[in-house]
Amino acid sequence: MDNIKIGPWEEEAGSNEFFVPEYIENLAKKVLERYNFSVQSMQIITTKPDKGGAIWKLTTSEGPMSLKLLHRRPTRSMFSLGAQEYLVDVKKARVPMIIKTKDQQNYVEAGGKLWFVAEWIEPLTPVTKDLEGAKQLCAALGEFHRLSKGYVPPHRAEIASRLYKWPENYKKIVTKMDWFRNIASVYNEMPASYYLLFVLDEFEKQAIAGLQALNQSSYSEMVKLGNQNWGLVHQDYGWSNGQMGPNGMWIIDLDGVAYDLPIRDLRKLISGTMADLTKWDTTWIREMIQAYHKENPISPELYEILMIDLALPNEFYKNIKEVVYEPDKFLNNETKIMIRSIVNLEKTKWTVLQELQEDWKGVKQ
């Protein structure tokens, strides 16, 4: 197994099913020989062919389980696996338990990647896509953040932390605005270019204002408390990774966890939910924040960072940044329509944020 190096693969053209190369399937079977259970069946659930990752559902002699081929660097994966073990064994969190190998390890290293087996939680049911469901997601997220505090990674693991990178990330957004402007100017004949140039100045102003607000906030003092004080963020949290199961809400797919200010996850969830609603809604956000706050209290300083991060042009940046790769394909009519919808969404944001700023004292009660 040591001589094989797993890399990205091409999906089979025209196939509606997930595809994994035969050499990876064979490697998966060899990995499973390291465990004390027998496998009756393997079903591929999802793949990341561009990165070299996959998940199988296993039917075993010990019940249903999942086998994951983690696409990240082994030392990075050690960080997330250590976190998952900490949350289950020490904090009794509702996250899937890692199944040990025959030699009591959390993982098998094969093909230059880490593989691990975890319990398959069933039944899991997505919460309803309404305000009550959003509140359930936020409460589960707050509990996850609170329980993750104090995590110390295993000796060989690299430290995955975004805690100190906020100014750098904000600066990157400001810098990329000028990149977008230059690209749209060069490809000025494309359908979306004129409209992109038309709206860029305003979004650039918002990004610059966000960076200035962050620099004037308590951020630099807060991060001095260190990684373990703040705990872990999920980084990919939403309706699919937070689901209702036995004894409450479960959080799954922890492969990308990292140290950070916890409200980064909350901000992403709020921004994405408002995009789904196609407008910003004060009641939704207020109740989402309150649901989170009950499980993981938000200090005035942290609330200020949340407001700053919400004000950033997140949806615009997230959806436009791909223009740097293939502008001749990206700057089409669909992108023009998308930009217009983002602009309309943003128009509803500022009154809502002002209302939230005014009643923030109520949130920290």
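Residues numbered from 1 in each chain as written. Predicted model: local features only at pLDDT ≥ 70, side-chain atom pairs only at ≥ 80, totals over all residues. Heavy atoms only, no water.

### Regarding the sheet that holds strand β10 (residues 248-251)
- Strand order in the open sheet formed by three strands is β7-β9-β10, and the pairing between neighbours is antiparallel. The open sheet has two edge strands with one neighbour each: β7 (125-126) and β10.
- Inspection of the sheet shows β7 paired to strand β9 (residues 242-245) by two bridges, in the antiparallel sense. Residue pairing across strands places Thr125 opposite Met244, the latter belonging to β9.
- Relative to β10, helix α3 (residues 131-148) is tilted by about 65°, and along the sheet it contacts β9 and β10. (Pairing = 2+ DSSP bridges. Helix = DSSP H or I, 4+ residues; strand = E, 2+ residues; numbered from the N terminus. Contact = heavy atoms within 4.5 Å. Axes fitted to C-alpha atoms, helices over the stretch in contact; angles between N-to-C directions.)

### A closer look at empty space enclosed by the protein
- Summed over all chains, the structure comprises one cavity of 30 Å³ or more.
- Together, Ala93, Arg94, Val95, Ala140, Glu143, Phe144, Leu147, Met249 and Ile251 line the largest cavity.
- Where the lining of the largest cavity is concerned, the elements lending two or more residues are α3 and β10. (1 Å grid on protein atoms, 1.4 Å probe; cavity = no way out; pocket = protein on both sides within 12 Å on 5 of 7 lines; lining within 4 Å. Points joined across faces, edges and corners; volume = space filled by probe spheres on them.)

### Notes on the layout of surface pockets
- Approximately 1200 Å³ is the volume found for the largest pocket.
- Broken down by element, the residue count for the lining of the largest pocket peaks at nine residues, all from helix α8 (residues 263-277).
- Among the residues making up the lining of the largest pocket, the classes are represented as 12 nonpolar, 10 polar and 20 charged.
- What lines the second largest pocket is a set of 34 residues, among which Ile55, Lys68, Asn241, Asp253 and Asp255 lie closest to the centre.
- Those elements giving two or more residues to the lining of the second largest pocket turn out to be β1 (39-48), β2 (53-60), β3 (63-70), α2 (74-90) and β6 (113-119).
- For the lining of the second largest pocket, the residue count by class is 13 nonpolar, 12 polar and nine charged. (Nonpolar A, V, L, I, M, F, W, Y, C, P; charged D, E, K, R; others polar.)

### Regarding the nonpolar core
- Core analysis: the biggest nonpolar cluster contains 94 residues, and Leu261, Leu266 and Phe316 have the highest contact counts within it.
- Those residues in contact with Leu266 that sit more than four places away from it in its chain are Cys138, Leu141, Tyr292, Ile298 and Leu306.
- The next biggest cluster of nonpolar side chains, apart from the first, holds 22 residues, and it includes Ile6, Leu32, Tyr35 and Phe37. (Core = buried A, V, L, I, M, F, W, Y, C linked by side-chain atoms within 4.5 Å. Buried < 20%, exposed > 50% of the residue type's maximum accessible area, 1.4 Å probe, protein only.)

### Remarks on the pattern of salt bridges
- Taken as a whole, this structure holds 19 salt bridges when the rule is applied.
- Of the charged contacts, one joins Glu221 and Lys224 as a salt bridge, the two residues approaching to 3.0 Å between their closest N and O atoms. Just as Glu221 is exposed, Lys224 falls in that class too.
- Taking the shortest distance from any N to any O, the salt bridge between Arg264 and Asp260 comes out at 3.7 Å. Just as Arg264 is buried, Asp260 falls in that class too.
- Each of Asp178, Arg181, Asp201 and Glu204 takes part in salt bridges that share partners, so that together they form one network. (Salt bridge = Lys/Arg side-chain N within 4 Å of Asp/Glu carboxyl O.)

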